[in-house]
Amino acid sequence: MAEITAGMVKELREKTDAPMMECKKALTEAAGDLAKAEEILRVKLGNKATKAAARVTAEGVVGMYIAADGKLGAIVEVNCETDFVAKNDDFLALTKNLAELVASKNPSDVEALSALEIGGQTVEAVRTALVGKIGENITVRRFARMEAKGKLASYVHGGAKIGVLLDLVGGDEQLAKDLAMHIAASKPKSLDSTGVAPELIESERRVAVEKAKEAGKPEAMIEKIAEGSVQKFLKEVTLLGQVFVKAEDGKQTIEQLLKAKAASVAAFTLFIVGEGIEKKVNDFAAEVAAQAAAAAQK
C-alpha cells in the first residue's frame, strides 16, 4: 500500500477544499494517486471538490495588440508579485511592447521572445532592469499570436486580469464585442467538443458512473446516465454549447446566435492572470511578531 504523507493530504486539500480526513481517505482509496483521489472526492462531495481549481492567485496583467486592419494580433500574460506593481506604468509599457513584439516577430516560445529586442536591448535585459528598478520579480508567463480568418476583436476585464482575443468571421463589431465579453464571463475551455481534452471527458464519465452507482441506479441505465452527464459537461465548457450570457430568453446558445447572425468563430484565446498558480499567502501577524522578537534580541 502506498504511503500517504501529510504533504499529499495538504496538496489535495488545497486543490479541493475538502476536509482533511476526507482527503486522507480518498488518497488511501486511490493508492496515492492524486488525480484519482480528486475524482473520488468529486463523487462524494460534488462540485465543491473542484472550486479551488478556478482560484486566481498570482498578480500581473494581460496585454493585447491588434493591427489596424484587424488581421493580426497577440495576447500576453506578464506576472509580478503584487497588484501594486501590476499598475506600474513601466510594467504596463513592457506588457504592451511584448504583445506588439509577439505579433510582429512570431517567436516560438517565451525563451525566443526573451531574446528579441526592445529599443536595442533584449527583452530579458529590459525585464532584468525593471526587476532591479521595481524590486519585484517579473516573469513573462505565456502568449498567443493570431492571424485572423475574419477580423480580430479583444476584451479585457477587471484591470486587465482577464483578456480575450477573438477571431470572428462575418457578423459585426457589436457581435464581436458581445462574444468576447461572453468568453470572459463564461470561460469556455474550447470552441467545441473536439478541443476538450479526452482525459477531462473520461474523468467526467467516471465520476458520473460512480455517482449513479452510489445512487443505486439500475445497471442498464448507468451508461446512459453517464453519457448524459458528459454531454451536459461539454455544453458547459465549450463556447458553442454555452447559453449566451445576454440571451433574452435565457436559452439561446452561442451556436444558435452565430447561426442567426450568419457568422462563425474561427478561434479564441482566453487568459486569466495567475490561473493555476498558487500564490504564497503572507501571515502578517506572524511576520510582525517575528520582527519584534528579532529586535528584542539585539
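Residues numbered from 1 in each chain as written. Predicted model: local features only at pLDDT ≥ 70, side-chain atom pairs only at ≥ 80, totals over all residues. Heavy atoms only, no water.

1. Brief notes about the pattern of salt bridges
Taken as a whole and assessed by the stated rule, the structure comprises 16 salt bridges. A salt bridge links Glu39 to Arg206, with the nearest nitrogen and oxygen atoms 2.3 Å apart. Linking Glu39 in helix H3 (residues 34-45) with Arg206 in helix H9 (residues 198-214), this pair joins segments that are 167 residues apart in sequence. Glu77 is paired through a salt bridge with Arg142; the nearest N and O atoms lie 2.6 Å apart. With Glu77 in strand E2 (residues 72-80) and Arg142 in strand E5 (residues 139-147), this residue pair connects regions lying 65 residues apart in the sequence. A cluster of three or more residues bridged by salt bridges with shared partners is formed by Glu59, Asp83, Lys87 and Lys161. (Salt bridge = Lys/Arg side-chain N within 4 Å of Asp/Glu carboxyl O. Helix = DSSP H or I, 4+ residues; strand = E, 2+ residues; numbered from the N terminus.)

2. Some thoughts on the sheet that holds strand E6 (residues 151-157)
Here three strands make up an open sheet; going across it, the order is E6-E7-E8 and the pairing antiparallel. Here the strands that pair on one side only, and so sit at the sheet edges, are E6 and strand E8 (264-272). Recorded for the sheet is a direction-independent mean angle of 15° between the axes of neighbouring strands. Lying over the sheet, helix H8 (residues 173-186) contacts E6, strand E7 (162-169) and E8, oriented at roughly 140° with respect to E7. (Pairing = 2+ DSSP bridges. Axes fitted to C-alpha atoms, helices over the stretch in contact; angles between N-to-C directions. Contact = heavy atoms within 4.5 Å.)

3. Overview of the side chain of Asp167
Mapped onto the fold, Asp167 is located in strand E7. Buried charge without a partner: Asp167 forms no salt bridge, and the closest opposite charge is Lys149, 6.6 Å away. Engagement of the side chain of Asp167 in a polar contact is seen with the backbone nitrogen of Gly150, the distance being 3.0 Å. If we ignore the near neighbours within four places in the chain, the residues touching Asp167 are Met146, Glu147, Ala148, Lys149, Gly150, Lys151, Leu152, Ser264, Val265, Ala266 and Ala267. (Buried < 20%, exposed > 50% of the residue type's maximum accessible area, 1.4 Å probe, protein only. Lys, Arg positive; Asp, Glu negative; His and termini not counted. Polar contact = N/O pair within 3.5 Å; in protein donor to acceptor, adjacent residues only side chain to side chain.)

4. Quick look at the sheet that holds E5
Spatially, the three strands line up as an open sheet ordered E1-E2-E5, and their pairing is antiparallel. The sheet is open, and its two borders are formed by strand E1 (59-66) and E5, each paired with just one other strand. Here the strands of the sheet are splayed against their neighbours by 10° on average, with no regard to which way each runs. Pairing geometry for E2 and E5, over eight bridges, is antiparallel. Paired with Ile75 across the two strands is Ala144, which belongs to E5. Across the sheet, helix H5 (residues 89-105) lies against E1, E2 and E5, angled at about 145° from E2, the strand it touches most.

5. What to know about the environment of Ser154
On the secondary structure map, Ser154 appears in strand E6. Ser154 gets classed as partly exposed once you look at its relative accessible area, which sits at 37%. Sequence separation between Ser154 and Tyr65 is 89 residues, and the spatial gap between their C-alpha atoms is 8.6 Å.

6. Quick notes on the packing of H5 against helix H7 (residues 123-134)
As a packed pair, H5 and H7 sit with axes 11 Å apart at the nearest point and diverge in direction by 170°. Accordingly, the angle class assigned to the pair H5 and H7 is roughly antiparallel. Contact residues: H5 offers Asp90, Phe91, Leu94, Leu98 and Leu101, while H7 offers Val123, Val126, Leu130 and Lys133. In the contact of H5 with H7, the residues fall into seven nonpolar, no polar and two charged. (Parallel < 35°, antiparallel > 145°, perpendicular 65-115°, else oblique. Nonpolar A, V, L, I, M, F, W, Y, C, P; charged D, E, K, R; others polar.)

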